[in-house]
Amino acid sequence: MELYLDTADVGAVKRLSRILPLQGVTTNPSIVAKERKSLWEVLPALRDALGGTGKLFAQVLASDAEQMVAEAVSMTQRVPGLVVKVPVTAEGLAAIKKLKLMNIPTLGTAVYGAGQGLLSALAGAEYVAPYVNRLDAQGGDGIAMVTELQQLLSLHAPGAKVLAASFRTPRQAMDCLLAGCQSITLPVDVAEQLLTAPAVTAAVMQFDNDWQQAFGRSTLD
């Protein structure tokens, strides 16, 4: 399994990479825009926050295939090892096919349907990012779509991975993992929800209180 953070907040990545077994960071134009910093400033800073390793994902802005390819080439030249996110439109599929021939790794993003995701994998995308909560917000069933997509990739494009995205709750992320997803990317707030549980805090406090009452200290020695 691969666990990513979906953010451009360098401070949050530094803080959570100490705790979580992160494989890297995913971004998109909206996420980077919130930081009000250049993409070329943000991406190296994110890699440094990961300890100098880890996979980074960044997205093209162009809407036609030729310009998408040109942007992808420029991005990978400036940030070696980058995985380029390409929206799975008709032009995006054409771009993914060309980038595959150029050995530039891609992620098919903005996926709202299992068939759409399968097409991106067949075109050559290494990762496919279904939008779980965004589909739910439109009245769809994000988890059901992810389940179908995972089955389709297992049958017809086993070299590609589902990288499930767009979560509002930890439960959505867990359901994607139970559906067989090999990778997920979590917003910072959802990752933090996984780490905080009042019942766990209460249990640890009770252990400490019981020990102190018995031995008059909160250390083992």
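Scroll up for the structure.
For clarity, every value in this text was computed on a predicted model and none was experimentally measured.

(A) Region of interest: the packing of helix H1 (residues 10-17) against helix H3 (residues 39-49). Close contact between H1 and H3 brings their axes to 8 Å; oriented N to C, the two are set at 15°. Regarding the angle of H1 to H3, the classification is roughly parallel. The two elements H1 and H3 cross, and the hand of that crossing is right-handed. Of the residues in H3, those touching H1 at Val-10, Val-13, Lys-14 and Ser-17 are Ala-45, Leu-46 and Ala-49. Among the residues forming the contact of H1 with H3, the class breakdown is five nonpolar, one polar and one charged.

(B) Representation of the environment of Asp-6. For Asp-6, the location among the structural elements is in strand E1 (residues 2-6). Along the sequence, Asp-6 and Leu-186 sit 180 residues apart, while their C-alpha atoms lie 5.3 Å from each other. Excluding its chain neighbours within four sequence positions, the residues that come into contact with Asp-6 are Thr-26, Thr-27, Ile-31, Thr-185, Leu-186 and Pro-187. For Asp-6, the side chain forms a polar contact with the side chain of Thr-26, separated by 2.6 Å.

(C) Expanded view of the environment of Ala-65. With respect to the helices, strands and loops of the structure, Ala-65 is situated in helix H4 (residues 65-78). For Ala-65, a relative accessible area of 6% translates into the label buried. Each C-alpha atom of the pair Ala-65 and Lys-98 lies 8.7 Å from the other, and the pair is 33 residues apart in sequence. Not counting the four nearest positions on each side in its chain, Ala-65 is found in contact with Glu-91, Ala-94 and Ala-95.

(D) Structural context of the sheet that holds strand E3 (residues 55-59). Spatially, eight strands are ordered E1-E2-E3-E4-E5-E6-E7-E8 in a closed barrel, and the strand pairing comes out parallel. Between one strand axis and the next, the sheet turns through 25° on average, direction left out of account. Of the pairings in the sheet, the one linking strand E7 (residues 161-164) to strand E8 (residues 183-186) comprises two bridges and is parallel in character. Opposite Ala-164, over in E8, you have Ile-184 as the bridge partner. Sheet contacts for helix H6 (residues 114-123): strand E5 (106-111) and strand E6 (127-130); angle to E5, the most-contacted strand, approximately 165°.

(E) Molecular detail of helix H5 (residues 90-101). Over its twelve residues, H5 runs 18 Å from end to end, which matches the ideal 16 Å to within 8%, given 1.5 Å per residue. Those residues of H5 not exposed but buried are Gly-92, Ala-95, Ile-96 and Leu-99. Viewed along the axis of H5, the buried residues span an arc of 105°, placing them on a single side of the element. In H5, those exposed residues whose orientation departs by more than 90 degrees from the buried face are Ala-90, Lys-97 and Leu-101.

(F) Geometry of the nonpolar core. By size, the foremost hydrophobic cluster in this structure holds 59 residues, and its most contacted members are Leu-153, Phe-167 and Cys-176. At five residues, the largest contribution of residues to this core is made by H4. Ignoring any residue separated from it by four or fewer positions in sequence, one finds Cys-176 in contact with Val-132, Ile-143, Val-146, Ala-164, Phe-167, Cys-181 and Ile-184. Formed by seven residues, the second largest nonpolar core is a distinct cluster that contains Tyr-4, Phe-57, Val-83 and Leu-107.

(G) Molecular detail of the pairing of E8. Alternating positions in E8 separate into two faces, Ser-183 and Thr-185 on one and Ile-184 and Leu-186 on the other, with burial throughout. Pairing of E1 with E8, which is carried by four bridges, proceeds in the parallel orientation. Residue pairing for E8: Leu-5 is matched across the bridge by Leu-186. Tracing the backbone out of E7, into helix H9 (residues 170-178) and back to the parallel element E8 gives a crossover that is right-handed.

(H) Main features of the side chain of Thr-76. One can find Thr-76 in helix H4. Those residues in contact with Thr-76 that sit more than four places away from it in its chain are Leu-82, Val-84 and Ile-104.

(I) Spotlight on the layout of surface pockets. Taken as a whole, the largest pocket holds about 410 Å³ of empty space. In this structure, the largest pocket is lined by 23 residues; those nearest its centre are Asp-6, Asn-28, Ile-31, Arg-134 and Pro-187. Residue assignment for the lining of the largest pocket shows that the elements contributing at least two residues are helix H2 (29-35) and E5. A per-element tally of the lining of the largest pocket places H2 first, with four residues. Residue classes in the lining of the largest pocket are distributed as ten nonpolar, seven polar and six charged. Here the second largest pocket is characterised by a volume of approximately 200 Å³.

Rules of the game
- Residues numbered from 1 in each chain as written.
- Predicted model: local features only at pLDDT ≥ 70, side-chain atom pairs only at ≥ 80, totals over all residues.
- Heavy atoms only, no water.
- Axes fitted to C-alpha atoms, helices over the stretch in contact; angles between N-to-C directions.
- Helix = DSSP H or I, 4+ residues; strand = E, 2+ residues; numbered from the N terminus.
- Parallel < 35°, antiparallel > 145°, perpendicular 65-115°, else oblique.
- Left-handed = near helix turned anticlockwise from the far one by under 90°.
- Contact = heavy atoms within 4.5 Å.
- Nonpolar A, V, L, I, M, F, W, Y, C, P; charged D, E, K, R; others polar.
- Polar contact = N/O pair within 3.5 Å; in protein donor to acceptor, adjacent residues only side chain to side chain.
- Buried < 20%, exposed > 50% of the residue type's maximum accessible area, 1.4 Å probe, protein only.
- Pairing = 2+ DSSP bridges.
- Expected span 1.5 Å × (residues − 1).
- Arc of directions from axis to C-beta.
- Core = buried A, V, L, I, M, F, W, Y, C linked by side-chain atoms within 4.5 Å.
- Right-handed = clockwise from strand over helix to strand, strands pointing away.
- 1 Å grid on protein atoms, 1.4 Å probe; cavity = no way out; pocket = protein on both sides within 12 Å on 5 of 7 lines; lining within 4 Å.
- Points joined across faces, edges and corners; volume = space filled by probe spheres on them.

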